[in-house]
Amino acid sequence: MDCQKHLFSLESEVTYLNMAYMSPLLKSVETAGIHGLRAKNRPYDLAPTDFFEPVHQLKKTFAQFIHTTESDRIAIVPSVSYGMAAVARNLPLKAGGEILVVEDQFPSNFYAWQRIAQDTDVRIRIVTPPADVPLSKRGHAWNAAILNRIHSDTLLVALPHVHWSEGILFDLPTIRQKTKEVGAWLAIDATQSLGAYPFSVQDIQPDALVAGAYKWLLGPYSFGMAYYGPALDGGIPVEENWMHRRNSANFRELTNYEDSYKGQANRYCVGETSNFIAVPMMQAALDQLMAWGTESIQAYCANVTKEAFSTLEEKGFGIVPADQRGAHLFGIKLLPGMDQAKLAEACRRERIYVSFRGSYIRVAPHCYNTPEDLQKLASVLIAHR
């Protein structure tokens with residue numbers, strides 16, 4: 001995969017290495033949004049099918065993207081917090097039960113569980129990586145710690161696939177097997193990985209998978225995609241919306257109120273799912289991601305970072321080994337005593353966009369970046385040791 005910067009709406013002189021903050025839009029996604037905006041300005045041209053068919057197609061595409069044939073298990077949500085609220089509302093609780101999360105997990109996959117802990121006698125257990133483990137073994141040790149904390153009192157394991165600050169990769173297939181053994185649910189916030197790192201529902205079989213669209217899915221803000229497994233069939237949705245009841249396409253009969261929902265996860269969709277601007281934008285983004293393939297994106301990111309990594313490691317900077325993190329998102333551990341304020345100013349001056357997370361710089365390249373972009377960052381880091 002060659003550098004694809006020409007497909008993105010990016011300024012040419014910017015070195016953007018911060019996809020984990022928010023993605024730029026593909027030009028095709030921007031165009032789809034403009035067309036959607038114009039279509040909304042012609043309401044007299046909209047037919048009842050326009051409320052449902054684009055959404056149906058988007059669900060089919062996303063189902064294919066995450067390797068499931070069940071498009072009715074896909075829900076459109078406005079955010080990860082909304083998608084996790086559906087899980088929280090339907091999670092079976094028991095006295096003394098535990099919900100497992102990892103240290104410094106993104107708050108959209110924490111506050112729902114905190115509310116449960118505040119309102120019931122369920123406890124939250126935060127799993128931290130062992131403090132005495134070197135960076136070279138940090139990912140393995142963290143995964144082992146998670147597995148050791150899953151037991152008969154575990155109700156839910158709520159994780160990302162890739163940690164949002166360090167890029168640590170969590171071993172979801174093995175974790176899923178352990179949750180099945182104890183009867184616990186697995187809910188995944190895939191916002192930091194889905195679209196850049198391969199994911200298969202068939203391989204992992206989560207109870208819930210939710211991802212915001214505005215990062216690696218290259219989609220619009222205030223939009224997300226979710227998958228809900230059989231454990232949530234027949235559950236109670238966050239809201240009661242007419243579009244997700246049976247026969248809702250028959251506009252003439254809408255006040256003949258329908259008690260039954262459409263099948264599987266349709267009940268968990270946000271109201272006004274027929275977003276005439278965001279739905280076509282998300283469709284255009286998924287079409288491009290399907291054409292590229294997440295395996296190719298990972299390979300490309302690994303290739304463009306290889307030379308810079310070698311340079312930085314020679315100078316003492318720490319990076320988690322490749323087999324324990326994503327190639328698209330990783331942390332560079334700064335050297336002791338580095339002045340982060342001066343380093344941040346130098347990055348701004350050079351128009352290098354990264355994120356500072358504690359003692360790490362979070363770097364998140366994509367297929368518009370080049371090896372020269374990463375070497376530019378490495379030069380600034382080395383100059384400010």
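Criteria and cut-off values
- Residues numbered from 1 in each chain as written.
- Predicted model: local features only at pLDDT ≥ 70, side-chain atom pairs only at ≥ 80, totals over all residues.
- Heavy atoms only, no water.
- Axes fitted to C-alpha atoms, helices over the stretch in contact; angles between N-to-C directions.
- Helix = DSSP H or I, 4+ residues; strand = E, 2+ residues; numbered from the N terminus.
- Parallel < 35°, antiparallel > 145°, perpendicular 65-115°, else oblique.
- Left-handed = near helix turned anticlockwise from the far one by under 90°.
- Contact = heavy atoms within 4.5 Å.
- Nonpolar A, V, L, I, M, F, W, Y, C, P; charged D, E, K, R; others polar.
- Core = buried A, V, L, I, M, F, W, Y, C linked by side-chain atoms within 4.5 Å.
- Buried < 20%, exposed > 50% of the residue type's maximum accessible area, 1.4 Å probe, protein only.
- Phe/Tyr/Trp six-rings, centres within 6.5 Å; stacked < 30°, edge-to-face > 60°.
- Lys NZ or Arg CZ within 6 Å of the ring centre and 35° of its normal.
- Pairing = 2+ DSSP bridges.
- Right-handed = clockwise from strand over helix to strand, strands pointing away.

1. With respect to the packing of helix H1 (residues 27-40) against helix H8 (residues 278-292)
Working step 1: Across the interface, H1 lies against H8 with an axial gap of 8 Å and an inter-helix angle of 160°. Accordingly, the angle class assigned to the pair H1 and H8 is roughly antiparallel. Relative to H8, the crossing made by H1 is right-handed. For the pair H1 and H8, contact is made by Ser28, Val29, Ala32 and Gly33 and by Pro280, Met281, Ala284 and Ala285, respectively.
Working step 2: Broken down by class, the residue content of the contact of H1 with H8 amounts to 6 nonpolar, 2 polar and no charged.

2. Observations concerning the nonpolar core
Working step 1: Counting 92 residues, the largest nonpolar core has Ile66 and Leu194 as the members making the most contacts within it.
Working step 2: Not counting chain neighbours up to four residues away, the residues in contact with isoleucine 66 comprise Ile74, Leu194, Phe199, Ser200, Val201, Leu209 and Tyr227.

3. Considerations on the side chain of threonine 61
Working step 1: With respect to the secondary-structure elements, threonine 61 resides in helix H2 (residues 53-65).
Working step 2: Discounting residues that sit within four places of it in the chain, threonine 61 has contacts with Gln283, Leu286, Asp287 and Met290.

4. Concerning the packing of aromatic side chains
Working step 1: This model, assessed by the stated rule, comprises 14 aromatic pairs.
Working step 2: With a centroid separation of 6.2 Å and an interplanar angle of 20°, the aromatic rings of phenylalanine 8 and tryptophan 292 are classed as stacked. Taken as a pair, phenylalanine 8 in the segment before strand S1 (15-16) and tryptophan 292 in helix H8 lie far apart in primary sequence, 284 residues in all. For the pair shown, phenylalanine 8 and tryptophan 292 are each scored as buried.
Working step 3: Feature note: the residues Phe8, Tyr16, Trp292, Tyr353 and Tyr368 constitute an aromatic cluster, connected by ring pairs.
Working step 4: Seen from the ring of phenylalanine 106, lysine 215 lies directly overhead, with NZ or CZ sitting 5.5 Å from the centre.
Working step 5: Taking the ring centre of tyrosine 261 as reference, the NZ or CZ of arginine 245 above it sits at 4.3 Å.

5. Regarding the pairing of strand S3 (residues 98-102)
Working step 1: Among the 5 residues of S3, 5 are classified as buried, and the element is accordingly described as predominantly covered.
Working step 2: Here S3 shows a buried face lined by Glu98, Leu100 and Val102 and a second buried face lined by Ile99 and Val101.
Working step 3: As judged from the 5 bridges shared by S3 and strand S4 (residues 123-127), these two strands associate in the parallel manner. Looking at the pairing, glutamate 98 lines up with arginine 123 of S4.
Working step 4: Each parallel crossover has a hand, and for S3 linked through helix H4 (residues 111-119) to S4 it is right-handed.
Working step 5: Sheet topology places S3 next to strand S5 (residues 154-160); 3 bridges connect them, and they run parallel. What sits directly across from glutamate 98, in S5, is threonine 154.

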